[in-house]
Amino acid sequence: MLPRLPDIFVPLTEKRRLSAAAAAASDHKSPVAAFLRAELRRARFCAEPELPAQTAVMNGLVRYRIDWGPDSPSCRVVYPEDFTGNDDEISLLSPLGVALLGLRAGERMPFFTQDRGFRLLTVVEASPAEPAQPQPGARASPKSVSQAVPMEALS
């Protein structure tokens, strides 16, 4: 018997933009397009005041654990067009970004990466955040393809 996937909750205000990101990912044959579309189909879209506490949302702060490794530092899941490559960002168009979307603290979600196969994600902590302010002189650092796929790379 297969384990039941956790419920995911997404703010209704993000539905249109997430749907557009999924459509663009499909058009560009992104390897995570089908995963993102499937997650959006099973998501419960609700008004922000109705979101369960500690739900991972777009641009919100989240800490997680992969498999049985250490907890991550706080980071944000961002839309592909907002992804700069900073260490505190995870692109929505990555397996990890899709898996984090809508999960609540304490929940686990399997996801697949091309370089490491099936992994198990656990959300440690999640909270909404104010939009990030750019840091003067901040320099972006690259992430592996399994962690992030910027939109431009799909063209």
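Let me begin by describing the structure that accompanies this report. This structure is a prediction, so every number in the text was calculated from the model and none was measured.

Notes on the sheet that holds strand 5 (residues 89-91)
Stage number 1. In spatial order, the strands read 5-4-3-7-6; together these 5 strands make up an open sheet with mixed pairing. Of all the strands in the sheet, the pair left with one neighbour each is strand 5 and strand 6 (108-113). Neighbouring strand axes in the sheet, compared pairwise and without regard to direction, differ in orientation by 45° on average.
Stage number 2. Of the pairings in the sheet, the one linking strand 3 (residues 61-66) to strand 4 (residues 75-78) comprises 2 bridges and is antiparallel in character. Within the sheet, the bridge partner assigned to Leu61 lies in strand 4 and is Arg76.

Here's the deal with the packing of helix 1 (residues 15-27) against helix 2 (residues 33-42)
Think of two packed helices as two axes; the pair is described by the angle between the axes and how far apart they sit.
Stage number 1. Between helix 1 and helix 2, whose axes approach to 8 Å, the crossing angle comes to 150°. The angle between the axes of helix 1 and helix 2 places the two elements in the roughly antiparallel class. When the axes of helix 1 and helix 2 are compared, the crossing they make is left-handed. Contacts between helix 1 and helix 2 involve Leu18, Ser19, Ala21, Ala22, Ala25 and Ser26 from the first element and Ala33, Leu36, Arg37 and Leu40 from the second.
Stage number 2. The residue inventory of the contact of helix 1 with helix 2, partitioned by class, reads 7 nonpolar, 2 polar and 1 charged.

A short note on the packing of aromatic side chains
Stage number 1. Counted by the stated rule, this structure contains 1 aromatic pair.
Stage number 2. Ring geometry for Phe112 versus Phe118: centroids 5.0 Å apart, planes at 65°, classification edge-to-face.
Stage number 3. Just above the ring of Phe45 sits the side chain of Lys15; from NZ or CZ to the centre is 5.1 Å.
Stage number 4. For Arg17, the ring lying beneath its charged end belongs to Tyr79, and the centroid distance is 3.8 Å.

The rules behind each value
Residues numbered from 1 in each chain as written. Predicted model: local features only at pLDDT ≥ 70, side-chain atom pairs only at ≥ 80, totals over all residues. Heavy atoms only, no water. Pairing = 2+ DSSP bridges. Helix = DSSP H or I, 4+ residues; strand = E, 2+ residues; numbered from the N terminus. Axes fitted to C-alpha atoms, helices over the stretch in contact; angles between N-to-C directions. Parallel < 35°, antiparallel > 145°, perpendicular 65-115°, else oblique. Left-handed = near helix turned anticlockwise from the far one by under 90°. Contact = heavy atoms within 4.5 Å. Nonpolar A, V, L, I, M, F, W, Y, C, P; charged D, E, K, R; others polar. Phe/Tyr/Trp six-rings, centres within 6.5 Å; stacked < 30°, edge-to-face > 60°. Lys NZ or Arg CZ within 6 Å of the ring centre and 35° of its normal.

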